[in-house]
Amino acid sequence: PDGLLLETGGSERLFGDRARLHRAITLGLDTLGYRAAFAYADAPRCARVFALAEASQGRHAASPDLPPLAQADDLRRLPIEFLEWDAVTNETLRALGLSAIGGLLRLPRDAFARRFGTGRLDDLDRTLGTRSDPQPLYEPPAHFSARIELPADISETAQLMFPARRLLASLEGFLRGRNAGATELVFSASHSARRGMALPPTTVTLAL
């Protein structure tokens, strides 16, 4: 909810290079009134950890200068809190004298997995980029829109029932295919351009 992960390879080719792409993003966000902390890395988790570190220092991008590519070795100096593990785990690690990620990496892997679980070890490996970390693609909210061009002008509202049924049948298939439902339908009827005076479309909203 507080971050956006981008795979920028294709966009870098489109804009010319990473610096130009970064400049376009930072200036665009600034125009919209947003402040953001940036980090670039080969591994998704590594990029997020470094972005959190930048944000914690208040180093939100005030200029379009491109930050350096974060390397796995640079993780060692960062506090363990940027891994976003639970508070109990962090307190336990600090009680053991482990305050930086580098301290975790020096521990024997088997002993670390027994004490803190294989999930934590896997997360460290994804942060280092030594374990694959496929990311789920962003899916925008489902949106249905359909249009019917009537063969002739109509003058009675009852005549709208036939095209409305066709539209509803299309919507039903759309919802069934996604095991979804709708809470509101919006019908918009356009008036003939041949009328003496142009009128905006008439909108009918049905709350279910």
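Draft legend 1. Looking closely at the overall build of the protein. The helix and strand tally for the protein stands at eight helices and four strands. Taking 17 Å as the expected radius of gyration for a compact globule of 208 residues, we find that the protein reaches 27 Å, considerably beyond that expectation. Summarising its shape, the C-alpha atoms of the protein cover approximately 80 × 40 × 30 Å along the three principal directions. The buried share of the protein, taken over its 208 residues, is 22%. Of all intrachain contacts in the protein linking residues separated by at least 6 positions in sequence, the fraction that spans at least 24 positions is 45%. Counting only carbon and sulfur atoms, one obtains 53% of the accessible surface of the protein, whose full area is about 15000 Å².

Draft legend 2. Structural detail: unusual backbone geometry. Its identity is not glycine, yet E84 carries a phi of approximately 65°, on the positive side. On the basis of relative accessibility, which here comes to 40%, the residue E84 falls in the partly exposed class. For N179, which is not glycine, the phi torsion reads 50° and is therefore positive. The exposure class assigned to N179 is exposed, which follows from its relative accessible area of 76%.

Draft legend 3. Inspection of the packing of helix α6 (residues 109-116) against helix α7 (residues 118-128) at higher detail. Interaxial distance between α6 and α7 falls to 6 Å at its minimum, and their mutual angle equals 125°. The orientation of α6 relative to α7 falls into the category oblique. Residues R109, F112, A113 and F116 of α6 lie in contact with α7, whose contacting residues are T118, R120, L121, L124 and D125. Residue composition of the contact of α6 with α7, by class: five nonpolar, one polar and three charged.

Cut-offs and rules
- Just so you know, the residues in each chain are numbered from 1, in the order the chain's sequence is written.
- Selection of residues for local features in this predicted model requires a pLDDT of at least 70, selection of side-chain atom pairs for listing and counting requires 80 or more, and totals for whole chains, interfaces and linings are taken over all residues.
- Values reported for side chains reflect all heavy atoms of the structure, with hydrogen atoms and water molecules removed beforehand.
- Helix and strand definitions here come from DSSP, where helices need a minimum of 4 consecutive H or I residues and strands a minimum of 2 consecutive E residues; each element is numbered from the N-terminal end.
- The quantity called the radius of gyration is restricted to C-alpha atoms. Its globule counterpart is 2.2 Å times the number of residues to the power 0.38.
- Each residue is assigned to one of three classes by its accessible area relative to the maximum for its type, calculated with a 1.4 Å probe on protein chains only: buried under 20%, partly exposed between the two thresholds, exposed over 50%.
- The contact definition used throughout considers only heavy atoms, calling two residues in contact when any of these lie within 4.5 Å.
- For accessible areas, the Shrake-Rupley method is used with a probe of radius 1.4 Å. Any residue's cover is judged against the shown protein chains and nothing else.
- Orientation is described by axes fitted as lines to C-alpha atoms, over the contacting stretch for helices, and by angles from 0 to 180 degrees between their N-to-C directions.
- What sets the label is the angle itself: under 35 degrees gives roughly parallel, over 145 gives roughly antiparallel, 65 to 115 gives roughly perpendicular, and the rest give oblique.
- By the convention adopted, Pro, Cys, Tyr, Trp, Phe, Met, Ile, Leu, Val and Ala count as nonpolar, Lys, Arg, Asp and Glu as charged, and the other residues, Gly among them, as polar.

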